[in-house]
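# Summary of the model geometry
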There are 6 protein chains.
Amino acid sequence: MPQVFITRRERFAASHRLARPDWNDAKNLEVFGKCSNPNGHGHNYELWVTVKGEQDPETSFVTDLSQLSRIIKEEVIDHLDHKNIDVDVSFMRGRLSSTENLCVAIWEQLEAPIKNLGCALHGVKVQETENNTAEYHGA
Amino acid sequence: MPQVFITRRERFAASHRLARPDWNDAKNLEVFGKCSNPNGHGHNYELWVTVKGEQDPETSFVTDLSQLSRIIKEEVIDHLDHKNIDVDVSFMRGRLSSTENLCVAIWEQLEAPIKNLGCALHGVKVQETENNTAEYHGA
Amino acid sequence: MPQVFITRRERFAASHRLARPDWNDAKNLEVFGKCSNPNGHGHNYELWVTVKGEQDPETSFVTDLSQLSRIIKEEVIDHLDHKNIDVDVSFMRGRLSSTENLCVAIWEQLEAPIKNLGCALHGVKVQETENNTAEYHGA
Amino acid sequence: MPQVFITRRERFAASHRLARPDWNDAKNLEVFGKCSNPNGHGHNYELWVTVKGEQDPETSFVTDLSQLSRIIKEEVIDHLDHKNIDVDVSFMRGRLSSTENLCVAIWEQLEAPIKNLGCALHGVKVQETENNTAEYHGA
Amino acid sequence: MPQVFITRRERFAASHRLARPDWNDAKNLEVFGKCSNPNGHGHNYELWVTVKGEQDPETSFVTDLSQLSRIIKEEVIDHLDHKNIDVDVSFMRGRLSSTENLCVAIWEQLEAPIKNLGCALHGVKVQETENNTAEYHGA
Amino acid sequence: MPQVFITRRERFAASHRLARPDWNDAKNLEVFGKCSNPNGHGHNYELWVTVKGEQDPETSFVTDLSQLSRIIKEEVIDHLDHKNIDVDVSFMRGRLSSTENLCVAIWEQLEAPIKNLGCALHGVKVQETENNTAEYHGA
């Protein structure tokens with residue numbers, strides 16, 4: 001049966017700092033540059049979650065978009081929006097708040113609940129600025 | 001020989017309603033929510049058609065974009081733009097006007113004529129709102 | 001005291017038809033072109049509401065954006081989103097659903113409640129497509 | 001002599017928190033909502049600086065855009081980009097980091113140096129999110 | 001009678017060079033920087049034309065958008081699109097192809113024909129890149 | 001080990017003409033249409049370079065974005081920005097300046113230096129106008 005892909009965009013505004021706690025500020029500055037500013041900085045992140053699946057014969061939907069949006073809000077956006085990623089977000093604890101790690105962590109948050117919707121998580125894309133984006137398609 | 005992908009964006013403004021004729025309004029509202037408003041609603045749809053192929057040795061083109069654009073206009077846009085998808089569009093007859101079904105139907109409209117251009121249809125992406133997109137890559 | 005301007009963007013997806021009931025289809029087609037399609041069409045409208053005022057000395061706000069957003073939702077978006085403008089929207093009754101008339105009608109919906117917020121409505125801008133926009137600044 | 005307007009866009013990624021130090025967290029939450037998150041949040045701010053003036057008879061320029069851009073970078077962007085607005089930015093000291101105050105403070109930073117370029121500052125617009133923008137045209 | 005503003009966006013792709021013929025390459029480089037590259041460069045220009053007027057009592061239109069678009073195409077876009085501004089465009093002859101001069105020249109092209117439509121030209125805005133825009137409102 | 005994709009956007013403003021030197025103007029016009037205008041035209045090109053790789057265990061980065069950006073600037077943007085592609089760009093010599101050829105040439109410029117960064121070039125996407133894009137993923 002043919003598969004169709006559905007992508008939902010959501011947004012979150014968050015602050016963060018790139019710095020390893022086992023490095024001093026000079027070392028963090030050398031490696032992470034301005035992203036290691038000790039008092040942090042922030043972004044309007046954009047998130048695109050792509051799922052794939054067969055169409056439901058009754059509704060023609062791959063998935064109910066309102067349920068997909070609800071899951072993304074509950075599992076991801078409510079944790080990240082208007083938060084400090086390094087301090088406030090349990091699923092980022094112990095990880096650097098790089099765009100790469102955000103993609104992987106968001107994938108882990110979403111994989112099971114999206115499977116419960118009856119479709120499969122295909123990709124997680126996070127845009128940090130209009131010039132920088134990361135994308136993850138699972139292990 | 002290496003393949004290059006070409007994507008052409010087109011747009012159409014159309015109205016529609018998500019509702020099964022064999023369901024009553026209450027059931028349609030329960031499943032399709034505000035998209036089942038009895039008098040309909042509408043969107044500025046954006047459409048991206050991606051083709052792939054080898055480059056022509058004389059022109060370096062995968063395909064002549066003016067011909068690709070003409071085909072998309074004749075086979076898709078002229079049928080959908082400033083129309084009611086549920087009433088006016090022959091290739092959507094008998095199908096719910098979901099973004100998923102639009103992708104599949106547009107694929108069916110374009111697959112043969114694009115093959116006649118000497119390249120292959122690779123993907124059809126339809127954006128219904130800035131937050132919701134569907135994509136289809138064939139059966 | 002200096003004035004600052006605040007603009008809030010909202011969106012609504014709606015269907016409509018440009019046609020005068022006292023004209024026949026041929027005459028409507030002659031004047032309104034494809035916008036007079038008998039079964040209608042639709043758009044993702046974007047709306048920018050601009051207010052102006054002095055800053056509150058305690059909060060530095062011209063207005064509380066969450067209240068401004070709530071008013072726009074209650075007075076405008078809830079009436080228009082996922083609706084047929086010509087049939088479902090009480091404040092458009094008896095008016096052609098042109099972008100000009102939408103601007104004026106939205107102004108009328110918002111002028112008093114925004115005054116009650118303690119600031120002044122400055123402009124209403126409605127984008128029908130990425131190429132066509134109307135704007136109104138009051139009588 | 002006719003005047004022409006020139007607008008330069010720049011961007012900065014910054015973190016901030018809306019909270020009065022003389023209020024407790026509960027009061028700040030009541031007034032500033034999620035923007036008062038104790039550990040802060042952040043945005044990709046977009047800034048549009050508009051100047052006006054007569055055209056130089058030799059170059060036809062209202063102003064040399066590379067000099068205008070340099071001034072905005074030195075006086076504004078270098079202070080705000082990848083910074084915590086509430087802690088790191090001298091010209092925001094003692095002011096709430098609302099979009100209104102950012103507009104006014106950026107105006108104050110730019111008014112004199114742009115006058116030295118031989119044209120006049122006309123407007124400062126700051127977009128905090130795709131839905132929220134503030135604009136200032138001077139006292 | 002209240003006035004409404006209508007804005008039409010059009011686009012043109014053109015090449016140009018900023019250089020005075022009475023200056024040598026070194027002097028042009030000093031003043032115009034990389035924009036004086038001897039073999040030229042180019043842009044996807046975006047043009048917004050804003051007209052104002054009272055609404056027609058029969059159609060509710062300030063102006064027929066299809067006629068406004070036709071005038072902009074005939075008087076402006078057909079001259080500039082896929083052209084070299086410095087060589088191919090009669091109404092730019094003898095003027096530096098700066099964004100300022102483009103705005104003024106486009107204003108001159110459009111002022112009379114838009115008056116003939118029964119409304120008034122209000123503004124011409126030309127975007128050269130996503131960061132640089134000029135705007136003109138007449139003498 | 002799972003792979004993550006990183007995409008960096010850069011921009012360049014350039015002029016070009018589509019025309020084979022072994023064809024006359026009439027033949028070039030017939031095949032390349034308005035893109036063969038003898039005096040050229042131009043675009044604001046947007047370029048997205050996607051790399052893939054495993055995350056560095058210390059930094060969590062697939063690649064240092066500032067180094068990736070520097071490579072793209074040195075190998076691609078500095079050659080193309082504010083240039084005439086047909087005359088000024090050594091790596092486009094002898095090739096038609098089609099979007100397809102730009103993708104392939106930019107891939108060739110970037111493949112080795114990106115490998116030296118420790119990751120792999122995955123895709124090169126070039127947007128010529130908001131409607132036309134080409135993409136290349138290697139031979």
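Everything here concerns the structure above.
Let us look at the structure shown here. Since the structure is predicted, the reported quantities are computational estimates derived from the model, not experimental observations. (Residues numbered from 1 in each chain as written. Chains lettered and ligands numbered in written order. Predicted model: local features only at pLDDT ≥ 70, side-chain atom pairs only at ≥ 80, totals over all residues. Heavy atoms only, no water.)

## Points about the environment of Leu80 of chain C
Residue and element names in this part refer to chain C. Spelled out, the test is: To qualify as a helix, a DSSP run of H or I must reach at least 4 residues; to qualify as a strand, a run of E must reach at least 2; elements of each kind are numbered from the N terminus. The buried label applies to any residue whose accessible area, calculated with a 1.4 Å probe on protein chains only, is under 20% of its type's maximum; exposed applies above 50%, and partly exposed to all values in between. Contact definition: two residues touch when any of their heavy atoms are within 4.5 Å.
Note on placement: Leu80 falls in helix α2 (residues 65-80). Overall, the relative accessible area of 0% leaves Leu80 in the buried class. Spatially, the C-alpha atoms of Leu80 and Gly42 are 12 Å apart, while their sequence positions differ by 38 residues. With near-sequence residues (within four places) excluded, Leu80 lies in contact with Phe12, Ala13, Ala14, Ile85, Val89, Phe91, Leu102 and Ile106.

## Things to note about helix α2 (residues 65-80) of chain E
Residue and element names in this part refer to chain E. In plain terms, the rule: Axes are fitted to the seven residues ending at a residue and to the seven starting at it; the angle between these axes is taken as the bend at that residue.
The sharpest bend along α2 measures roughly 45° and falls at Lys73. Inspection of α2 places Leu68, Ser69, Ile71, Ile72, Val76, Ile77 and Leu80 among the buried residues, and these make up the whole buried set. Looking at the buried side of α2, the elements it contacts are β1 (4-16), β2 (41-53), β3 (83-84), α3 (85-88) and α4 (99-116). Downstream of α2 by a residue or two, His82 has a phi angle that is positive, lying close to 60°.

## Regarding the packing of α2 of chain C against helix α4 (residues 99-116) of chain C
All names here are of chain C. Basically, it comes down to this: Comment: axis = line fitted to C-alpha atoms, over the contacting stretch for helices; angle = value between 0 and 180 degrees taken between N-to-C directions. By the definition used in this description, the sense in which the near helix is turned from the far one sets the handedness, with an anticlockwise turn below a right angle giving left-handed and a clockwise turn giving right-handed. Each residue is assigned to one class: nonpolar for Ala, Val, Leu, Ile, Met, Phe, Trp, Tyr, Cys and Pro, charged for Asp, Glu, Lys and Arg, and polar for all the others, Gly among them.
The interhelical angle for the contact between α2 and α4, taken along N-to-C directions, is 145°, at an axis separation of 10 Å. Relative to α4, the crossing made by α2 is right-handed. Within the contact between the two elements, α2 uses Leu68, Ile71, Ile72, Glu75, Val76 and Leu80 and α4 uses Leu102, Ile106, Gln109, Leu110, Pro113 and Ile114. Within the contact of α2 with α4, the residues separate by chemical class into 10 nonpolar, 1 polar and 1 charged.

## Some points on the interface of chain A and chain D
Under the convention used in this document: Buried surface area refers to the total accessible area, computed with a probe of radius 1.4 Å, that the two partners give up upon joining, counted for both partners together. Whenever Lys or Arg places a side-chain nitrogen within 4 Å of a carboxyl oxygen from Asp or Glu, that contact is recorded as a salt bridge. Definition of a polar contact: a pair of N or O atoms within 3.5 Å, with one able to donate and the other able to accept a hydrogen when the atoms are protein atoms, and with sequence-neighbouring residues admitted only if both atoms are side-chain atoms.
Across the boundary between the two partners, chain A contributes 24 residues, which contact 24 residues of chain D. Buried area between chain A and chain D, summed over both chains or domains, comes out near 1900 Å², and the portion from carbon and sulfur atoms is 41%. Broken down residue by residue, the surface that chain A buries against chain D is led by Asn39, Asn44 and His82 of chain A, which jointly contribute 31%. Between chain A and chain D we count 6 salt bridges in total. A salt bridge links Lys34 of chain A to Asp81 of chain D; the shortest N-O distance between them is 3.4 Å. For the pair chain A and chain D, the interface holds 23 residue pairs in polar contact (both at pLDDT 80 or more). Counting only elements with at least two residues in the side of chain A that touches chain D, the list comes to β1 (4-16), β2 (41-53), β3 (83-84), α3 (85-88) and β4 (120-129) of chain A. Partitioned by chemical class, the residues of the side of chain A that touches chain D number 4 nonpolar, 12 polar and 8 charged.

## Regarding the interface of chain F and chain E
You'll often see interface size given as the accessible area lost when the parts meet. With 24 residues of chain F in contact, the opposing surface of chain E contributes 24 residues. Approximately 1900 Å² of surface area, both sides summed, lies buried where chain F meets chain E, with 40% of it carried by carbon and sulfur atoms. The largest contributions to the chain F side of the interface with chain E come from Asn39, Asn44 and His82 of chain F, which together make up 31% of the buried area. Seen at the junction of chain F and chain E, the total is 6 salt bridges. Applying the counting rule to chain F against chain E returns 23 residue pairs in polar contact (both at pLDDT 80 or more). Within the residue set of the side of chain F that touches chain E, elements represented by two or more residues are β1 (4-16), β2 (41-53), β3 (83-84), α3 (85-88) and β4 (120-129) of chain F. When residues in the side of chain F that touches chain E are grouped by element, the largest group, 5 residues, is from β1 of chain F. Considered class by class, the residues forming the side of chain F that touches chain E number 4 nonpolar, 12 polar and 8 charged.

## Structural notes on the state of the cysteines
Cut-off, in case you're wondering: Count a disulfide wherever a pair of cysteine sulfur atoms falls within 2.5 Å.
By the definition in use, this model includes 0 disulfides over all chains. There is no disulfide at Cys35 of chain A, and the cysteine sulfur nearest it, in Cys103 of chain A, is 15 Å away. Since its relative accessible area comes to 18%, Cys35 of chain A is described here as buried. Free of any disulfide, Cys119 of chain D has its nearest neighbouring cysteine sulfur in Cys103 of chain E, separated by 15 Å.

## Remarks on the packing of aromatic side chains
To be explicit about the condition: Each Phe, Tyr or Trp ring, with Trp reduced to its six-membered ring, pairs with another whose centre is within 6.5 Å; inter-plane angles below 30 degrees give stacked pairs, above 60 give edge-to-face pairs, and intermediate values give tilted ones. Two limits define a charge over a ring: the Lys NZ or Arg CZ must be within 6 Å of the ring centre, and within 35 degrees of the ring normal.
Within the structure shown, the criterion is met by 24 aromatic pairs over all chains. The cationic tip of Arg20 of chain E hangs over the ring face of Trp23 of chain E; the distance from NZ or CZ to the ring centre is 5.2 Å.

## Describing the pattern of salt bridges
All told, the structure shown has 64 salt bridges over all chains when counted by the stated rule. Measuring nitrogen to oxygen at the nearest pair gives 3.0 Å for the salt bridge that ties Arg9 of chain A to Glu130 of chain B. A residue pair is termed interchain when its members come from two chains, as with Arg9 of chain A in strand β1 and Glu130 of chain B in the loop between β4 (120-129) and β5 (132-136). Residue classification places Arg9 of chain A among the buried residues on the basis of a relative accessible area of 6%. Each of Arg9, Arg11 and Glu46 of chain A, Glu130 of chain B, Arg9, Arg11 and Glu46 of chain C together with Glu130 of chain D takes part in one network of salt bridges that share partners.

## So, the relation of the copies chain A and chain D
The condition that has to hold: Superposition of the copies was done by least squares, using only C-alpha atoms of residues whose pLDDT is at least 70 in both.
The two copies are related by a screw operation: chain A maps onto chain D through 180° of rotation and 0.0 Å of translation along the axis, at an RMSD of 0.0 Å. Read as a symmetry element, the transformation amounts to a two-fold axis. Both copies share a contact surface, since 100% of the interface residues of chain A are interface residues in chain D too.

## Some remarks on the pairing of β2 of chain E
Residue and element names in this part refer to chain E. Inclusion rule: Strand pairing follows a simple DSSP-based rule, namely that at least 2 bridges must link the two strands.
Most of β2 sits inside the fold, with 12 of its 13 residues counted as buried. Examined bridge by bridge, β1 and β2 share 13 bridges and lie antiparallel to one another. Bridge pairing links Arg8 to Val49 in β2. Here 7 bridges tie β2 to strand β4 (residues 120-129), and the two strands are oriented antiparallel to one another. Looking at the pairing, Lys52 lines up with Ala120 of β4.

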